[in-house]
Amino acid sequence: MSRKLDNQDKSYWRSLNELAETDEFQEFLHREFPEGASELNSDMSRRKFMSLMGASMALAGLVSCRKPVQKIIPYVNQPEQVIPGVSNKYATTMPFQNSAYGLVVESHEGRPTKIEGNELHPSSLGKSNIFTQAATLSLYDPDRSGDVRQNGAVKQYSVFVTFWRELYTQYLSNDGEGLAVISGAFSSPTMRRLQREFMRHFPEAEWVVYEPVSDENMYKGVRLATGDYHQPVYDYSQANVVLTLDADFVMLENENIINAKKFADARRVTSEDDSMNRLYAVESSYTLTGGMADHRMRVQSRQIGVFALALANALRKEGVDVPAIRGGQAGSYDFDIKWITELAKDLARNRGESLIVAGRNQPPAVHALVYALNDALGNIGSAVAYRPIDEETLPSFEGFQSLVSRMNAGEVETLCMLESNPVYNAPGDIDFTDALGKVANSIHLSSHYDETSQGSDWHIPSAHFLESWGDAESADGTFSIIQPLIAPLYNGKSIFEIANLLATGEDVDGYRITRETWADILGSANFEKKWRKVIHDGVYEGSGDNLSAPRLRTTEVTRTLNRYSPPADVTDASNLEVVFQASPSVFDGRFANNGWLQELPDPITKLSWDNAAVMSPKTAEELDLELEDLVTVEFQGNSLDLPVWIVPGFADYTVVLELGYGRTAAGRVANEVGVNTFKLRTANSMNFGAGLTVRKSGEKFTLASTQDHWSLEDRPIYREATKQEYGEHPKFVDEVHAEAPPNENLWEEHSYEEGYQWGMAIDLSVCTGCNACTIACQSENNIPIVGKEQVGNGREMHWIRMDRYFAGDVNDPEMVVQPVTCMHCENAPCETVCPVNATVHDDEGLNVQIYNRCIGTRYCSNNCPYKVRRFNFFNYTHDTPEVEQMGKNPDVTVRSRGVMEKCTYCTQRIQKKKIQAKNENRELYTDEVVSACQQTCPTDAIVFGDINDPESQVSKVKQQNRDYAMLGHLNTQPRTTYQAKIRNPNPALENHG
């Protein structure tokens, strides 16, 4: 299959099966509906069926089609501030390791239902990502723990308080000897205060911060370079040239929301005369950042440090004052010397306006070198600045190792674990379960009765951040408030309340604890007024910007790097590199029981509901492996069985393993999904290492992948050009020849020239493919999840799919992404074939789906050239747990079995704003209506509004010469159009390699 544009010799393909035109791909492609999508052929066990049912994934088509009977209970005394049908919005913060994301949460009658970014918060600026968007589903998770347990038996919380107070008195007498705490990383002023209070009372105790996926290497590297721990704060909008070294800053690295937004700000073009930044990426696995790159080099993770040293030498040759470091030549690593040379020249030309970033997986020495390179290039204080950060809040794997050794030696009598799950996520060569059994008193605070809880004496259910009072500090130092939008659904206690109990022995509510901290922050003068403003805004205005440019310790960095020993090269399939990578869906496993995230296809592999051993085509060929082969991977004495997934663009002889799967006690959604790859990790190879072997078992394991679903075969759907081509051919999008000339008489045309006319534009130059829009749409529109088997049958229900295409060399291709949703065609093919007029057009240009009229013929889906309509083969929402029903958007119908559904342009949001304008006796303001996907998009790639308003943003975007209609030659006149992607390659490298 090829998709060629006349102005460039480029073919686009989704998968190796499509490229090879295999029989399986052809069979899947040429059915009107995918295999299994038109009949029920499930062999699901009754036990598994009931398990999924209780977790909101029920395939209830096997039972009655009758809509469930529901009962409602009215208010006895309605709160004054609650108006039925009118939502309220509140500011809060989602803490995430050492980061914090400011949010605005929509609440209906006291039920949080939808999350957006807080425009006032520096880490979100009104935008969000998949983890923040999915937080409401985690709040209403029916598998969350609701009971205090002692050795498995349910107890009252007061019994635990009494138990701890007795221990508290005991440890006061010996300064806390034998007492230890494990927590996750945090950025909260209140947690810092409580941590210090704990250590003041118990100076002989130990407080260890442990994160299985952390930025520890980055903090250590900055300390090597400067002498102190600092938090880097990036401003990608200030960089004309960006180099990433194993860093997926638009998706997986912390602060990805603001980083993606600032990067897009420097990349967005409105005409051929605009400038744009240039991105170089060096990485082992294909990432979304690599997909955005103008130049990308495949390098094993363990070789990236040597690449950075070679770059340092190249920069020195360009006159950049880089510290002299021995070694670092390309040597036997077969690096592309011209690539490195031209990169160095580009960086040198943009001194003070460039940026080099290393990913969390790289060792501290690489981060120290990156600091030195940015310092030599004059980037510190411009595209990157630093804020001092407390060492006590940062993760320390060495501290964790030391604590486990003390536990094994019997030196730890009482261990308190706060929202950390080391039984599940400790490395395979650290037997934390055994060590935990040697502790006399173990206490675990967690949202679920999970793997660590089951091995602990005491389990305390933790409250969700939407149920808690607390605070956090952003990367730039801005203080923000965590305020609850709902009372704890499961009687959970916040980490602040438990930390206070541990530190003081007092059982105090989170509000009082937080206010005590803020009494010092705000001061006594006008405290209540300032406190109310902070709660209203969600942030403390003016508290951030404590940034600096620490002095480089040149001598120390040079000494460290001269001792840096480059790893031996990996040259064959018998000695593979293994890379451990956080999952872009469930991260380190903390989101594993969230069905929205489990079902969300991986943006690169397109796998859903599983992880795999991912490798390049060349690696698979030399190992004689095919897709879905079950293999045994062995690393430093530990082994796991995993299915194989082959993806172009990965470094050869590298196997990438995603973390966060294989949970056994997370809940009905997560349990038995994927493989726990933490067990393959070792203390000296936490991120990557050599020596992995792969042994073929001869068996197969079925994976659910969406990469070949809804293929738009051989049609010119994606358009792109280089910056130079765009300048020479400003209207290049019109130079693509259509497959057939438009047939003006095919449809009866209507006029849409009056009133509000809604349309959308999507800028492919800045869309990163992060899937935030997909989850935002799912949350806003009550879109169900269907489970692995049904995804494999092509029945996924997402209204926005994120198509991922490769182009070029099968081993080292370019990658592009394209969000596709209902186009709201003015001449809609779906409408002409519906026998019951269930899909019709309104006078504002919306393609409207009338659910209670649809009889499920699916003719509309067959006639849709974009394949964007979704059919409820089962009543996926039947028997949804009551607690999960609380999270549904009451403004959107919850569909039952047998109806077609699709994007509505968030018609409920349109109507809400029209009602508001009518009540205020006015017309809608320009750009007043914001769709869910538009609102969440970190890069502002999606624009929506009234195309009849010449002042609207969408009208202006559609006037750009990059604007084109997908399959416009069909004369469907789609209301959603795209702006072609523009790349900015280095002219010296454009045709190189």
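From a predicted model like this one, the values you see are computed outputs, not experimental measurements.

Chemist: Can you help me understand the overall build of the chain in this one?
Modeler: Secondary structure summary: the chain contains 32 helices and 39 strands in total. Out of the 993 residues in the chain, the part that is buried amounts to 64%. Once local pairs closer than 6 in sequence are excluded, the contacts in the chain between residues at least 24 apart make up 76%. Summed over all atoms, the accessible surface of the chain reaches about 36,600 Å², with 46% contributed by carbon and sulfur.

Chemist: It is not clear to me how the nonpolar core should be interpreted in this structure. Could you clarify?
Modeler: Nonpolar side chains in soluble globular proteins generally cluster together in the buried interior. In terms of nonpolar packing, the biggest core is built from 246 residues, with Phe160, Trp164, Leu245 and Leu311 touching the most fellow members. Broken down by element, the residue count for this core peaks at 10 residues, all from helix α11 (residues 304–317). Setting aside its immediate chain neighbours within four residues, leucine 311 contacts Leu243, Ile340, Leu343, Ala344, Leu347, Ile356 and Leu373.

Chemist: What is the right way to read the pairing of strand β14 (residues 384–388) from this model?
Modeler: Put simply, side chains in a regular strand alternate between the two faces of the sheet. The buried count for β14 comes to 4 of 5 residues, which makes it a mostly enclosed element. Two elements, strand β9 (residues 230–234) and β14, share 5 bridges in a ladder whose sense is antiparallel. Bridged to histidine 230 within β14 is proline 388.

Chemist: Explanation requested: the pairing of strand β15 (residues 414–418) in the structure shown.
Modeler: With 5 of 5 residues buried, β15 is to be regarded as a mostly interior element. In β15, alternate side chains face the same way, and those of Thr414, Cys416 and Leu418 on one face and Leu415 and Met417 on the other are all buried. Bridge count for strand β7 (residues 179–183) against β15 is 5 bridges, and the pairing is parallel. The residue bridging serine 183 from the neighbouring strand is leucine 418, located in β15. Bridge count for β15 against strand β16 (residues 441–446) is 5 bridges, and the pairing is parallel.

Chemist: Is there a simple way to think about the packing of aromatic side chains in this case?
Modeler: In this description, an aromatic ring pair is defined by two values, namely the gap between the centres and the angle between the planes. The tally for this structure, following the rule as stated, stands at 39 aromatic pairs. Seen in terms of ring centroids, tyrosine 286 and phenylalanine 806 are 5.8 Å apart; in terms of plane orientation they differ by 40°. Their pairing is tilted. With tyrosine 286 in the loop between β11 (278–283) and α10 (288–292) and phenylalanine 806 in strand β30 (residues 801–807), this pair connects stretches of sequence that are 520 residues apart. Residues tyrosine 286 and phenylalanine 806 agree in their burial class; the two are buried. Aromatic pair tryptophan 758 and phenylalanine 944: ring centres 5.7 Å apart, planes at 15°, arrangement stacked. Of the two residues, tryptophan 758 sits in strand β29 (residues 758–763) while phenylalanine 944 sits in strand β36 (residues 942–946), which places them 186 residues apart along the sequence. Classification of tryptophan 758 as buried rests on a relative accessible area of 2%. For phenylalanine 944, a relative accessible area of 1% corresponds to the buried category. One Lys or Arg, arginine 296, reaches over the ring of tyrosine 286 and ends 3.7 Å from the middle of that ring. The ring of phenylalanine 873 has arginine 795 sitting right over it, with the charged end atom 4.8 Å from the ring centre.

Chemist: What should I look at first to understand the side chain of histidine 459 in this one?
Modeler: Inspection of the secondary structure puts histidine 459 in strand β17 (residues 458–461). Polar contacts involving the side chain of histidine 459 include one to the side chain of serine 453, which spans 3.0 Å.

Chemist: Got a minute to help me understand the sheet that holds strand β37 (residues 963–964) in this structure?
Modeler: Across a sheet, paired strands are connected by hydrogen bonds in the backbone, their directions being either parallel or antiparallel. Taken in spatial order, the 4 strands of this open sheet run β36-β29-β38-β37, and their pairing is mixed. Two strands lie at the open edges of the sheet, namely β36 and β37, each paired on one side alone. Two strands pair when backbone bridges link them, and β29 and strand β38 (residues 976–979) are joined in this way by 4 bridges, in the parallel orientation. Paired with methionine 760 across the two strands is threonine 976, which belongs to β38.

Chemist: What's the story with unusual backbone geometry in this structure? I'm lost.
Modeler: Outside of glycine, negative phi angles account for most residues, and trans bonds account for most peptide bonds. With a phi close to 50°, glutamate 419 is a non-glycine residue in the positive phi region. When you line up the elements, glutamate 419 lands in the loop between β15 and α15 (422–425).

Chemist: Would you mind going over helix α14 (residues 397–408) with me for this structure?
Modeler: An α-helical turn contains 3.6 residues, so any two residues separated by three or four positions project in the same direction. In this model, α14 (12 residues) spans 17 Å end to end at C-alpha, consistent with the 16 Å of a helix rising 1.5 Å per residue. In the core, the buried residues of α14 are packed alongside β7, β8 (206–209), α8 (216–226), β15, α15 and α16 (432–436).

Chemist: Hey, could you run me through the packing of helix α13 (residues 364–376) against helix α21 (residues 554–562) in this one?
Modeler: Any two packed helices are characterised by how steeply their axes cross, that is the angle between the axes, and by the distance between the axes. The geometry of α13 relative to α21 is characterised by a closest axis approach of 10 Å and an angle of 140° between their N-to-C directions. Considering their axes alone, α13 and α21 lie oblique with respect to each other. The handedness of the crossing between α13 and α21 comes out as left-handed. Taken together, the residues of α21 that come into contact with α13 (itself represented by Ala365, Ala368, Leu369 and Ala372) are Val557, Thr560 and Leu561. Its residues assigned to classes, the contact of α13 with α21 comprises 6 nonpolar, 1 polar and no charged.

Chemist: I tried to follow the pattern of salt bridges on my own but got confused; where do I start?
Modeler: Between side chains of opposite charge, a pair can form as their charged atoms come close. As enumerated under the stated definition, the model contains 53 salt bridges in all. Put simply, lysine 338 and glutamate 342 hold a salt bridge, and the shortest N to O gap is 3.6 Å. Within this pair, lysine 338 and its partner glutamate 342 are both found in helix α12 (residues 337–349), separated by 4 residues, close to a single helical turn. For lysine 338, a relative accessible area of 36% translates into the label partly exposed. Overall, glutamate 342 belongs to the buried group, its relative accessible area being 10%. We note a salt bridge from aspartate 610 to lysine 788, for which the minimum N-O separation is 2.6 Å. Taken as a pair, aspartate 610 in the loop between β21 (607–608) and β22 (613–615) and lysine 788 in helix α26 (residues 788–792) lie far apart in primary sequence, 178 residues in all. On the basis of relative accessible area, aspartate 610 is assigned to the buried category, the value being 6%.

Chemist: Looking at this structure, how should I read the sheet that holds β16?
Modeler: Taken in spatial order, the 7 strands line up as β6-β5-β17-β16-β15-β7-β8 in an open sheet, and their pairing is mixed. Two strands close off the open sheet at either side, each with one partner strand: β6 (153–155) and β8. Between one strand and the next, the sheet's axes are offset by a mean angle of 20°, whatever the strand orientation. As paired strands, β7 and β8 are joined by 4 bridges and run parallel to one another. In the strand pairing of β8, valine 181 is matched with tryptophan 207. On the sheet, helix α7 (residues 189–201) packs against β7 and β8 and is oriented at approximately 150° with respect to β8. Packed onto the sheet, helix α18 (residues 495–504) meets β7, β15, β16 and β17 and runs at close to 160° relative to β15.

Chemist: What exactly am I supposed to notice about the packing of α8 against α13 here?
Modeler: Across the interface, α8 lies against α13 with an axial gap of 7 Å and an inter-helix angle of 55°. As the angle between them shows, α8 and α13 are arranged oblique. Like other packed secondary-structure pairs, α8 and α13 cross with a definite hand, here right-handed. Across the interface between the two elements, Asn217, Met218, Lys220, Gly221, Leu224, Ala225 and Thr226 from α8 touch Pro364, Ala365, His367, Ala368 and Tyr371 from α13. The residue inventory of the contact of α8 with α13, partitioned by class, reads 7 nonpolar, 4 polar and 1 charged.

What counts and what doesn't
- Residues numbered from 1 in each chain as written.
- Predicted model: local features only at pLDDT ≥ 70, side-chain atom pairs only at ≥ 80, totals over all residues.
- Heavy atoms only, no water.
- Helix = DSSP H or I, 4+ residues; strand = E, 2+ residues; numbered from the N terminus.
- Buried < 20%, exposed > 50% of the residue type's maximum accessible area, 1.4 Å probe, protein only.
- Contact = heavy atoms within 4.5 Å.
- Areas by Shrake-Rupley, 256 points an atom, 1.4 Å probe, with all protein chains shown as cover.
- Core = buried A, V, L, I, M, F, W, Y, C linked by side-chain atoms within 4.5 Å.
- Pairing = 2+ DSSP bridges.
- Phe/Tyr/Trp six-rings, centres within 6.5 Å; stacked < 30°, edge-to-face > 60°.
- Lys NZ or Arg CZ within 6 Å of the ring centre and 35° of its normal.
- Polar contact = N/O pair within 3.5 Å; in protein donor to acceptor, adjacent residues only side chain to side chain.
- Expected span 1.5 Å × (residues − 1).
- Axes fitted to C-alpha atoms, helices over the stretch in contact; angles between N-to-C directions.
- Parallel < 35°, antiparallel > 145°, perpendicular 65-115°, else oblique.
- Left-handed = near helix turned anticlockwise from the far one by under 90°.
- Nonpolar A, V, L, I, M, F, W, Y, C, P; charged D, E, K, R; others polar.
- Salt bridge = Lys/Arg side-chain N within 4 Å of Asp/Glu carboxyl O.

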